Amino acid sequence: MVSKGEEMLREDIRKFQEQRLRRQVKYAYNNSEFYRKKFAGAGLKPDDVKSLNDLTKIPVSSKEEVLSQFSDGDPFSGRLCVPVDKLWYIILPHEAALSGSPFYTAYTYNDRRVLLDQLTRFFRMIGVGAKDLVMTSGQSWELTPRVLESAFTGQETVQDRLGFINMPLEASLVFIDMPRAIYLGEQLKPRIFFSLVSYFDQVTQGIKGQKKVPKDVFQPEIIVLRELKDDMQLTSEKEKEYKNEWGSEFYRMLDVQDAAFLAMECPEHSGLHAWEDMFIIEALSNGEPVAEGKKGKLAITNLWSEATPAIRWQTDYEVTLDKKQCKCGGNHLRIKL
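Keep in mind it's a predicted model, so treat the numbers as computed, not measured.

Rules of the game
- Positions within a chain are numbered from 1, following the residues in the order the chain's sequence is written.
- Given that the model is predicted, a residue must reach a pLDDT of at least 70 before its local features are reported, and side-chain atom pairs must reach 80 or more before they are shown or counted; all residues, however, enter totals for whole chains, interfaces and linings.
- The side-chain quantities take in all heavy atoms of the structure and omit both hydrogens and water.
- For each residue, the accessible area found with a 1.4 Å probe, counting protein chains only, is set against the maximum for its type, and the residue is called buried under 20%, exposed over 50%, and partly exposed in between.
- Put simply, DSSP H or I for four residues or longer makes a helix, DSSP E for two residues or longer makes a strand, and each gets a number counted from the N terminus.
- Any two strands with at least two DSSP bridges between them are considered paired.
- Here the expected span of a helix is defined as 1.5 Å times the quantity of residues minus one.
- Think of each axis as a best-fit line through the C-alpha atoms, taken over the contacting stretch in the case of a helix, with angles from 0 to 180 degrees between the N-to-C directions.
- Put simply, angles under 35 degrees are roughly parallel, angles over 145 are roughly antiparallel, angles from 65 to 115 are roughly perpendicular, and the rest are oblique.
- Should the near helix be turned anticlockwise from the far one by less than a right angle, the crossing is termed left-handed; should it be turned clockwise, right-handed.
- Working rule for contacts: check all heavy atoms of both residues, and any pair within 4.5 Å makes them a contact.
- When residues are grouped by polarity, Ala, Val, Leu, Ile, Met, Phe, Trp, Tyr, Cys and Pro land in nonpolar, Asp, Glu, Lys and Arg in charged, and all others, Gly among them, in polar.

**Observations regarding the pairing of strand 8 (residues 261-265)**
Next, step 1: For strand 8, a buried count of five out of five residues is recorded, marking the element as mostly surrounded by other parts of the structure.
Next, step 2: Here strand 8 shows two buried faces, one formed by Phe261, Ala263 and Glu265 and the other by Leu262 and Met264.
Next, step 3: Pairing of strand 7 (residues 249-256) with strand 8, which is carried by four bridges, proceeds in the antiparallel orientation. Its bridge partner being in strand 8, Val256 is matched across the sheet by Phe261.
Next, step 4: In this antiparallel pair of consecutive strands, strand 7 and strand 8, the connection spans four residues, and Ala260 shows a positive phi of 50 degrees.
Next, step 5: Note that strand 8 and strand 9 (residues 272-273) share two bridges and pair antiparallel. Counterpart to Glu265 in the pairing with strand 9 is Leu272.
Next, step 6: Joining the antiparallel neighbours strand 8 and strand 9 is a turn of six residues, in which His269 adopts a positive phi near 55 degrees.

As C-alpha cells, this is what we get:
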C-alpha cells in the first residue's frame, strides 16, 4: 500500500519528526564514521537530541565537507552505514567523475521504497492515473527514473502503483534520443511529459528547429520539469517562454539526489511541497535557522536513509519556507525558490 501522509496535521507531523529524528541520529552515530566524528567534535551524543528543539545542536554538513574527506580506501568518506552487498544502487554523477570530485551516494532497498513513496504521492497530487500516457526522461546514472517506471526491473515502481503507461527516454545521448522524443510525442501525444529541464529545453529547440510549434507537436496537458543542481535550472523567464510555446500546465520539481529529497508544486502552484514525515527542512543563515518567510540556505535532514544518511545537509539553494496550509489542503511545508 502507498503510505499516507499528505493530510497530516502539523502537530502530528512534529511528533512524527521527533520520533524519527531520535532514531536516525542514533543510527547515524552508531554506523557512520563521518557523523560519529561530527557529533564528537560538537561534544554531542545521540541522547542529547530528544526533540526538534535540539536539532540545532547538530552541526551542519555538506557535500564539500564530504569531498574533503574522500580517500581511495573509503570512497564514501565515512558516510556508508551498511555493507556494500546490502545496497540497491550507488550514484556517481558523470559530472562528478569528469570534474575529478567523486561524490558517491548509496541506497538500500528500503531507501528505494521510501523514494517510491515520495514520487507516488507527487504523481497522485497532480492527477496522474491509470492508463495515462507518460513520457519520462532521465540520465542513465540517475536515481529518480529508477523507481518511476517498470522497464528492466523486477521491483515495484510508481508505474505499477498508479497504472500509467510509460514511454521511457534516455537523456544522456541527446543526438539520438531527442529526435526520438519528438517523433514519439508527435505520434502518440503523451498526456504527461516528465523531464530534466535541460533535456526538455533541447526537445523544445529541436521542435523549433524543424519549423514546428511545440504545442502542435506534443500537446501534453502536464509537464513536470525536474531540476538537478548540476543541470540547467528553470528560471522564471524560461518558464514563461515554455508556457507560451507549449500551452501546457507546468510543475516544478526539485531533485536533491545527495539526500534522496524531492519537492514539487501542487496544482495551486504556491511553492514546492516537501513531505515532512520523511524529512526535516530548514532554511539556514550561517548555520542557524531563519524565521519563516526569510531567505536562507536549504538544509535537509533525511529521516529514513539507511545507506548514506544526510543530517542537516546544507545545499546551495536559497529558499524561503511556508508552513501555512496550502489551498490544496496539504499541511506539509512548501519551499519557495
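That was the structure; now back to the text.
**Focus: helix 9 (residues 197-209)**
Next, step 1: With 13 residues, helix 9 extends 18 Å between its outermost C-alpha atoms, agreeing within 8% with the 18 Å of an ideal straight helix rising 1.5 Å per residue.
Next, step 2: Looking one or two places after helix 9, you find Lys211, whose phi comes out positive at around 65 degrees.

**Describing the packing of helix 9 against helix 11 (residues 236-246)**
Next, step 1: It is at 12 Å that the axes of helix 9 and helix 11 come closest, and there the two elements cross at 45 degrees. Of the possible angle classes, the one that applies to helix 9 and helix 11 is oblique. Considering the relative orientation of helix 9 and helix 11, their crossing is left-handed. For the pair helix 9 and helix 11, the contacting residues are Val197, Phe200, Asp201, Val203, Thr204, Gln205, Ile207 and Lys208 in the first and Lys238, Glu241, Tyr242, Glu245 and Trp246 in the second.
Next, step 2: Of the residues belonging to the contact of helix 9 with helix 11, the class tally is six nonpolar, two polar and five charged.

**Comments concerning the pairing of strand 5 (residues 192-196)**
Next, step 1: The buried fraction of strand 5 is high, at five of five residues.
Next, step 2: By the alternation rule, side chains of strand 5 split into Ile192, Phe194 and Leu196 and Phe193 and Ser195, which are all buried.
Next, step 3: Both strand 3 (residues 133-138) and strand 5 contribute to a ladder of three bridges, which runs parallel. Bridge pairing links Thr136 to Phe194 in strand 5.
Next, step 4: Across five bridges, strand 5 lies against strand 6 (residues 222-227) in parallel orientation. Paired with Phe194 across the strands is Val224, a residue of strand 6.

**Some points on unusual backbone geometry**
Next, step 1: Positive phi is not limited to glycine here, since Lys189 has a value of about 55 degrees.
Next, step 2: The residue Lys189 is located in the loop between helix 8 (174-188) and strand 5 in this model.
Next, step 3: By relative accessible area, Lys189 is classed as partly exposed at 30%.
Next, step 4: Phi at Lys211 takes a positive value of approximately 65 degrees, unusual for a residue other than glycine.

Everything listed here is a matter of geometry and, on its own, says nothing about what the molecule does.
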